[in-house]
Amino acid sequence: DNFLGTGGKLVTAYAELMKQIWLGSNSVVEPADFKKQIGIFAPQFSGYHQQDAQEVLAFLLDGIHEDLNRVKERPYIEDKDCDGTNDEDDAVENWKNYLRRNKSLIVDMFQGQLRNTCK
């Protein structure tokens, strides 16, 4: 139902690849099906040209997140202008709003907030 996801195809292909790697009896694994699914949903990664690993990983994590997102109906949330007078409260409110639209294993394990200060 998530128009941003792959209908579970990407996460299923990744799960099958992990099963082959960790539980399979072969010492060599050919990730052809996994590669095919990535190429279907992100044509820039189809073929056999060298790719930027960070871009592939970002696409994979985002695709898995969208396939596993537990939020089915995403509410509209208007961005609030933060003036810097109360960064902690603004951060808490923004994170709560983010989680109202995004809840998945990927969010639980890999996402968070950073604060950058320049001096």
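Whatever comes next refers back to the structure up there.
We now turn to the structure provided with this report. Note that the coordinates shown come from a computational prediction; the quantities given were computed from them, not determined experimentally.

## Re the side chain of Thr6
Move 1: Position of Thr6 relative to the elements: it lies in the segment before helix H1 (9–23).
Move 2: A relative accessible area of 10% means that Thr6 is categorised as buried.
Move 3: Here the side chain of Thr6 touches Leu10 through a polar contact of 3.0 Å, landing on its backbone nitrogen.
Move 4: A polar contact of 2.5 Å, which involves the side chain of Thr6, links it to the side chain of Asp67.

## Quick notes on the pattern of salt bridges
Move 1: Tallied over the entire structure, the rule returns six salt bridges.
Move 2: One salt bridge in this structure joins Glu66 and Arg74, with 2.5 Å as the shortest N-O distance.
Move 3: Exposure remark for Glu66: the relative accessible area of 7% places this residue in the buried category.
Move 4: A salt bridge links Lys80 to Asp90; the shortest N-O distance between them is 3.1 Å. Residue Lys80 is located in the loop between helix H3 (53–68) and helix H4 (87–101), and its partner Asp90 is located in helix H4; the two are separated by ten residues in the primary sequence.
Move 5: Judged by its relative accessible area of 42%, Lys80 falls in the partly exposed class.
Move 6: Connected through salt bridges with shared partners, the residues Lys80, Asp90 and Glu93 form a single ionic network.

## Some thoughts on helix H2 (residues 32–41)
Move 1: What H2 keeps buried is the set Phe34, Gln37, Ile38 and Gly39.
Move 2: The inward-facing, buried residues of H2 contact H1 and H3.

The rules behind these values
Sequence order as written defines the numbering, with residues in each chain counted from 1. Note on the predicted model: pLDDT of at least 70 is required for a residue's local features to be given, and 80 or more for side-chain atom pairs to be given and counted; whole-chain, interface and lining totals, by contrast, use all residues. Only heavy atoms go into the side-chain values, all of them from the structure, while hydrogens and water stay out. Helix and strand assignments come from DSSP, with helices taken as H or I runs of at least 4 residues and strands as E runs of at least 2, each series counted from the N terminus. Per-residue accessibility, obtained with a 1.4 Å probe over protein chains only, is compared with the maximum for each type, and a residue is labelled buried under 20%, exposed over 50%, and partly exposed between these values. Contacts described as polar in this section are N or O atom pairs within 3.5 Å, which, within protein, must combine one atom able to donate a hydrogen with one able to accept it, while residues neighboring in sequence count only if both atoms come from side chains. Salt bridges are defined by distance alone: a side-chain nitrogen of Lys or Arg within 4 Å of a carboxyl oxygen of Asp or Glu. Residues count as neighbours in contact if any of their non-hydrogen atoms are within 4.5 Å of one another.

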